[in-house]
Amino acid sequence: MISRDNFELARLSLASQAQDRGFKELISRENWDTFAGWKKRGGSIKSGSKGLKVDIVVPHTDLHKGLKIVKFLTVKKTLFSINQTSLNHLKK
């Protein structure tokens, strides 16, 4: 599942895009996740579904002079709603 901090980071953008595209789902961590997140929860994305692109922060390990340095990068990820998954029946 997408982390709480990353979801809060993406919430405003997600809400705006969801409204523009006509999504009616509540904007919550339980209703939105990445492809990998839904797969971990035992679901799959329905064929032809188009997710919403948001910016999230991910850790990146880099080697600098023989030391492991953890950096954080902002990357674009695609989030899918629960209605776009096979887990639709679990919706609250």
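Presented here is an overview of the structure given in this document. (Residues numbered from 1 in each chain as written. Predicted model: local features only at pLDDT ≥ 70, side-chain atom pairs only at ≥ 80, totals over all residues. Heavy atoms only, no water.)

1. Observations regarding a nonpolar patch on the surface
Taken together, Leu9, Val57, Val70 and Phe72 make up a surface patch of nonpolar side chains, about 380 Å² in accessible area. Note on Val57: relative accessible area 32%, which makes it partly exposed. (Patch = residues over 30% accessible without salt bridge, like charges linked within 9 Å, V, L, I, M, F, W, Y side chains within 5 Å. Areas by Shrake-Rupley, 256 points an atom, 1.4 Å probe, with all protein chains shown as cover. Salt bridge = Lys/Arg side-chain N within 4 Å of Asp/Glu carboxyl O. Buried < 20%, exposed > 50% of the residue type's maximum accessible area, 1.4 Å probe, protein only.)

2. As for the sheet that holds strand β1 (residues 32–34)
By definition, the strands of a sheet pair up through backbone hydrogen bonds, in either a parallel or an antiparallel sense. The strand order across the open sheet formed by three strands is β1-β3-β2, and the pairing between neighbours is antiparallel. The open sheet is flanked by β1 and β2 (52–64), the only strands paired with a single partner. Here the strands of the sheet are splayed against their neighbours by 35° on average, with no regard to which way each runs. Direction of pairing for β1 relative to strand β3 (residues 67–81): antiparallel, over a ladder of three bridges. (Pairing = 2+ DSSP bridges. Helix = DSSP H or I, 4+ residues; strand = E, 2+ residues; numbered from the N terminus. Axes fitted to C-alpha atoms, helices over the stretch in contact; angles between N-to-C directions.)

3. Quick word on the nonpolar core
Grouped together as the largest cluster of nonpolar side chains are twelve residues: Ile2, Phe7, Ala10, Leu14, Ala18, Phe23, Ile27, Trp32, Leu52, Val54, Ile56 and Leu79. Elements with a minimum of two residues in this core: α1 (4–21) and β2. In terms of residue count, the dominant contributor to this core is α1 (four residues). Residues in contact with Val54, not counting those within four places in the same chain, are Ala10, Ser13, Leu14, Gln17, Val75, Lys76, Lys77 and Leu79. In terms of nonpolar packing, the next biggest core, distinct from the first, is built from five residues, Trp38, Phe80, Ile82 and Leu87 among them. (Core = buried A, V, L, I, M, F, W, Y, C linked by side-chain atoms within 4.5 Å. Contact = heavy atoms within 4.5 Å.)

4. Some remarks on α1
Helix length check: α1 (18 residues) gives 24 Å between terminal C-alpha atoms against 26 Å at 1.5 Å per residue, within 8%. Arg11 marks where α1 bends most, by close to 50°. All of the buried residues along α1 are Asn6, Phe7, Ala10, Leu14 and Ala18. Where α1 is buried, its residues meet β1, β2 and β3. (Expected span 1.5 Å × (residues − 1). Bend = angle between axes of the 7 residues up to and from the residue.)

5. Topic: unusual backbone geometry
Of note in this structure, Lys65 is not a glycine but carries a positive phi near 55°. Its location among the elements puts Lys65 in the loop between β2 and β3.

6. Considering the side chain of Thr85
Mapped onto the elements, Thr85 comes out in the segment after β3. Of the polar contacts made by the side chain of Thr85, one reaches the backbone nitrogen of Leu87; its length is 3.0 Å. Beyond its immediate chain neighbours, meaning those up to four positions away, Thr85 contacts Trp38, Ser44, Ile45 and Lys46. (Polar contact = N/O pair within 3.5 Å; in protein donor to acceptor, adjacent residues only side chain to side chain.)

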